[in-house]
Amino acid sequence: MTEITAKPLPRLDGPEAPFWAGLREGEIRVQHCVACGTPRFPASRFCPECHSDRAEWRAVEPRGEVESHCTFHKCYFPGFVGDMPYTVIQVRLDCGLRFFSNIADGGRPATGQRVAAVFEPATADVVLLKFAPEDGA
Amino acid sequence: MKINAAIVGTGASTFGRFLPQSQLGLAAEAFKAALEDSGLKREEIDGLSMHMGSPLGLDYDRVADGLGLNIRYVNQGWTHGRFVTNALQHAALAVSAGMAEVVACVTAISFTRERAILGGPGDIEGHREEGGTHGESPPYGLTAPAGGAAIAMQRYMARYGTTSEELAAVPMQIRRHALRNPDAIMQQELTLEDHQSSRMVVDPLHLFDCCLITDGAVVTFVTTEERARDLRQKPVRIAGMQGIRSGRDEFIFAPPGLGISQQPESDSASRPVDREVYGLAGVSRDDVQGLYTYDAFSPLVLFTLERFGFCGTGEAAGFVQNGTIGPGGRLPVNTNGGLLSEAHVAGWNHMREITRQIRGTAGDRQIPGAEVLQWGTVWGDSIIFTA
Amino acid sequence: MTGIEGQDLLPRPRISPDNAPFWEGCREGRLMLPTCTGCGRAHLPPGPVCPFCLSSALDWREAKGTGTISTWTVVHKVWFPIFADRVPYNVIQVQLDEGPRLTARLVESDAPPKVGQRVSVLFEQLDAELAMPAFRPLAG
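Conventions used here
Residues numbered from 1 in each chain as written. Chains lettered and ligands numbered in written order. Predicted model: local features only at pLDDT ≥ 70, side-chain atom pairs only at ≥ 80, totals over all residues. Heavy atoms only, no water. Helix = DSSP H or I, 4+ residues; strand = E, 2+ residues; numbered from the N terminus. Rg over C-alpha atoms; globule rule 2.2 N^0.38 Å. Buried < 20%, exposed > 50% of the residue type's maximum accessible area, 1.4 Å probe, protein only. Contact = heavy atoms within 4.5 Å. Lys, Arg positive; Asp, Glu negative; His and termini not counted. Charge placed at Lys NZ, Arg CZ, Asp CG, Glu CD. Pairing = 2+ DSSP bridges. Axes fitted to C-alpha atoms, helices over the stretch in contact; angles between N-to-C directions. 1 Å grid on protein atoms, 1.4 Å probe; cavity = no way out; pocket = protein on both sides within 12 Å on 5 of 7 lines; lining within 4 Å. Points joined across faces, edges and corners; volume = space filled by probe spheres on them. Nonpolar A, V, L, I, M, F, W, Y, C, P; charged D, E, K, R; others polar. Buried area = accessible area lost by both parts, 1.4 Å probe. Salt bridge = Lys/Arg side-chain N within 4 Å of Asp/Glu carboxyl O. Patch = residues over 30% accessible without salt bridge, like charges linked within 9 Å, V, L, I, M, F, W, Y side chains within 5 Å. Areas by Shrake-Rupley, 256 points an atom, 1.4 Å probe, with all protein chains shown as cover. Core = buried A, V, L, I, M, F, W, Y, C linked by side-chain atoms within 4.5 Å. Expected span 1.5 Å × (residues − 1). Phe/Tyr/Trp six-rings, centres within 6.5 Å; stacked < 30°, edge-to-face > 60°. Lys NZ or Arg CZ within 6 Å of the ring centre and 35° of its normal.

A. Local environment of the overall build of chain B. Counting its regular elements, chain B contains 14 helices and eleven strands. Computed over its C-alpha atoms, the radius of gyration of chain B comes to 19 Å, within 12% of the 21 Å expected for a compact globule of 387 residues. For chain B, the spread of C-alpha atoms along the three principal axes comes to 55 × 45 × 40 Å. For chain B, the proportion of its 387 residues judged to be buried stands at 66%. Partitioning the intrachain contacts of chain B with sequence separation of at least 6 by distance along the chain shows that 74% fall at a separation of at least 24. Both charge centroids of chain B, one from 33 positive and one from 44 negative side chains, sit 4 Å from each other.

B. Main features of the side chain of Gln113(A). With respect to the helices and strands, Gln113(A) occurs in the loop between strand 6 (98-101) and strand 7 (114-121). Not counting residues within four places of it along the chain, the set of residues in contact with Gln113(A) comprises Gly64(A), Glu65(A), Val66(A), Ile103(A), Arg108(A) and Pro133(A).

C. Structural context of the sheet that holds strand 4 (residues 103-110) of chain B. Residues and elements named next belong to chain B. Pairing within the open sheet is mixed, and its nine strands lie in the order 3-2-4-7-1-8-11-10-9. Because the sheet does not close on itself, it has two edges, and the strands there are strand 3 (73-76) and strand 9 (290-292). Sheet twist, expressed as the mean angle between neighbouring strand axes with direction ignored, is 25°. Inspection of the sheet shows strand 10 (residues 372-376) paired to strand 11 (residues 382-386) by five bridges, in the antiparallel sense. Across the sheet, the residue bridging to Val372 is Thr386, located in strand 11.

D. Spotlight on helix 1 (residues 17-24) of chain A. Residue and element names in this part refer to chain A. All of the buried residues along helix 1 are Phe19, Trp20, Ala21, Gly22 and Leu23. Tucked inside the fold, the buried residues of helix 1 contact strand 1 (28-33), strand 3 (55-60), strand 6, strand 7 and strand 8 (127-133). Gly26 occupies a position one or two residues after helix 1 and carries a positive phi of about 80°.

E. Fine view of the layout of surface pockets. Size it by volume and the second largest pocket reaches roughly 1,300 Å³. Surrounding the second largest pocket, 42 residues form its lining, Arg12(C), Pro13(C), Arg14(C), Asn19(C) and Trp23(C) being those nearest its centre. Every element with two or more residues in the lining of the second largest pocket is listed here: helix 1 (23-38), helix 2 (60-66) and helix 4 (111-114) of chain B together with helix 1 (20-27), strand 4 (89-96), strand 5 (101-104) and strand 7 (131-137) of chain C. Among the residues forming the lining of the second largest pocket, the class breakdown is 24 nonpolar, seven polar and eleven charged.

F. Geometry of the environment of Ala84(C). Here Ala84(C) is to be found in the loop between strand 3 (66-75) and strand 4. For the pair Ala84(C) and Cys39(C), spaced 45 residues apart in sequence, the C-alpha to C-alpha distance is 44 Å.

G. Representation of the interface of chain B and chain A in the model. Listed per partner, the contact involves 34 residues of chain B and 36 residues of chain A. A combined buried area of about 3,000 Å² lies between chain B and chain A, and 60% of that area is made up of carbon and sulfur atoms. If you sort the residues of chain B by the area they bury against chain A, Glu129(B), Pro139(B) and Tyr140(B) come out on top, with a joint share of 25%. Arg155(B) is the salt-bridge partner of Glu67(A), the closest N and O atoms lying 3.8 Å from each other.

H. Structural view of a nonpolar patch on the surface. The grouping of Trp79(C), Phe80(C) and Ile82(C) at the surface amounts to a nonpolar patch, some 330 Å² of accessible area in total. Considering the arrangement of structural elements, one finds Ile82(C) in the loop between strand 3 and strand 4.

I. Inspection of the nonpolar core at higher detail. Residue and element names in this part refer to chain B. Within the largest apolar cluster, 102 residues are counted, with the highest numbers of intra-cluster contacts made by Leu88, Leu305, Trp348 and Phe385. Element by element, the count of residues in this core is highest for helix 5 (residues 144-160), at nine residues. The contact partners of Leu88, leaving out residues within four places of it in the chain, are Ile7, Cys105, Val222, Ile238, Trp348, Met351, Ile383 and Phe385. If you look at the next biggest cluster of nonpolar residues, it comprises 31 residues, including Leu19, Leu26, Leu58 and Leu67.

J. Region of the structure containing helix 14 (residues 348-359) of chain B. Residues and elements named next belong to chain B. An ideal rise of 1.5 Å per residue puts 16 Å on twelve residues; helix 14 measures up with 17 Å between its terminal C-alpha atoms. With eleven of twelve residues buried, helix 14 lies mostly within the body of the structure. Looking at helix 14, one finds that the buried residues are Trp348, Asn349, His350, Met351, Arg352, Glu353, Ile354, Thr355, Gln357, Ile358 and Arg359. One or two residues past the end of helix 14 sits Gly360, with phi positive at roughly 85°.

K. Focus on the environment of Leu56(B). All names here are of chain B. Mapped onto the elements of the fold, Leu56 is located in the loop between strand 2 (47-50) and helix 2. On the basis of relative accessible area, Leu56 is assigned to the buried category, the value being 4%. Taking the C-alpha atoms as reference points, Leu56 and Ala116, 60 residues apart in sequence, are found 9.6 Å from one another. In this structure Leu56 touches Gln23, Thr79, Ala108, Ile109, Ser110, Phe111, Glu114 and Ile117, once residues within four positions along its chain are discounted.

L. Quick peek at the packing of aromatic side chains. The full count for this structure, using the stated rule, is 17 aromatic pairs over all chains. Look at Phe19(A) and Trp20(A): their rings are 4.9 Å apart centre to centre, the planes differ by 75°, and that puts the pair in the edge-to-face class. A residue is classified by how much of its surface remains accessible, and Phe19(A), at 3% relative accessible area, is buried. Among the residues examined, Trp20(A) registers a relative accessible area of 9% and is labelled buried. Members of the aromatic cluster, connected to one another through ring pairs, are Phe72(A), Tyr76(A), Phe77(A), Phe80(A) and Tyr86(A). Just above the ring of Phe310(B) sits the side chain of Arg285(B); from NZ or CZ to the centre is 5.9 Å. The positively charged end of Arg41(C) is found above the aromatic ring belonging to Phe52(C), 3.6 Å away from the centroid.

M. Focus on the sheet that holds strand 5 of chain C. Residue and element names in this part refer to chain C. Pairing in this open sheet of five strands is antiparallel, and the strands run 5-4-3-6-7 from one edge to the other. Each edge of the open sheet carries a strand with a single partner, namely strand 5 and strand 7. On average, adjacent strands in this sheet sit at an angle of 35° to one another, irrespective of strand direction. Bridging between strand 4 and strand 5 involves four bridges; their strand directions are antiparallel. Paired with Val94 across the strands is Leu102, a residue of strand 5.

Structure follows, in structure tokens:
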């Protein structure tokens, strides 16, 4: 049985493919409803606000605020052994969308802290969305 | 269709860690105990309602096959503790509709053998594209039910200023209940110092904020009230039920409005939709003499108290201080010792305790004159049980 | 992410407290069946109680090793990459003379399996830990 030492990777060929392509190009690209303009993430066929099925992918401002965090002391993934303990954050971008992520370079987050996106290459095909404190705070 | 259902039998296996029996072996032990308790014969069981499937638990077909049953109604939820209420509700609906005479809710789990499924690479469902069912996001290391509960509690703490020391009152009080339960795995007092010095699992959750990892089985028999009156034990009536809430307002381990994952933010005040079960059961919340809830993590108890309006939003930490939810308190919670201190049988060990309390056979743990008890969860489902 | 982890590996039976004696028997070249000392019936798959009378008083007894093919199929699709060079391969269900049925393969036969065909068990050692039952046509 092979040992898994790599970190888990996202699926690139599913409905989020344009999101992952956007990260590779240094943008946070999400669906916007053509009818009412509301952005949404994760991808879905219908707008949860107005139920329109017409959407287009556009970039949003890559800035926001840390809304919550938790720090893993128990190592569930062998690929994270070198990062223990590590912190997961929930970020709300200024456009209102939420993402789970990490502080790039493993810094300590604080709820309410302003952050900006960092586009972190993980493999040849995958760039992950991470965040760093704005103004290097 | 009116609900016409009562619990008429309960049985359990030993609870422990690294038990030698298979899940089916534990289920067989609990099943025989439930037959003995109820006076029913194996042939009279014609329905199964289950949710903890293989490999963590059991699939209905293996139970029917392995125990030699003849089943004409099956409900099987997917493998998560959250479907405990749902599985008991299905049993009540089935007998009320005449689809079965006696439904067995069979839950047999081996967490110690199968713990990889909870988080990490063994948790295949956690890799669901849009995020796992507790918010799992493996590329960022967010995994396991503990991760979801932790990230919710951190925000609750930031909002209301609740501290870990205040949170500790939950597992400490539930442990006090467990000390009166000879079946409980944890048999020593839990002090604040024990709690605070225990290792962090996922900050802000310490070890003792997290449920036990154990093996065990509980079987519960449900039939109609008419049939129940002919049987050996005092019936435990299912007086009212409300279902799992779901939608963009809901995150499994957070009250609506806390703002975890995609939840819109609000003041998280308890709403009429959160409390329908009382009207349906013909009781008021003030009639509830004991609350039973899915205490996989201590914050879930706080969130449940607020969801059903036992206290105001942000007030649960204060509410649980000073023994309010402990033995002899104003609102005892999980008098069996819960998932935190008795064992993890996905809440079915709590259903067994509710049954004993209504029957008046809970011994040292008996809530005097227990006639109205509530099972309710942070994800909003609930059952009111009455004498 | 494409592909399933471990997909090139040999699919192995999951060993449980209920079936462990069956697989130990296979390693020793013996077909063992859980048998109820109360009502006398053997059952498969192995379980913790007799499914017929619910007794826990089970004993593991060696079966004669003979039986009759009750059904069969031939698999033409490569579901398991490790079986690619075996395709097409047969899968049979044998009703043992003691009563329970076992899924296995028919070996040492150029002809396809037939319902009603008499067979007897043999054991194939796959590695240090795993031996699997298979069946050959019974002479005569």
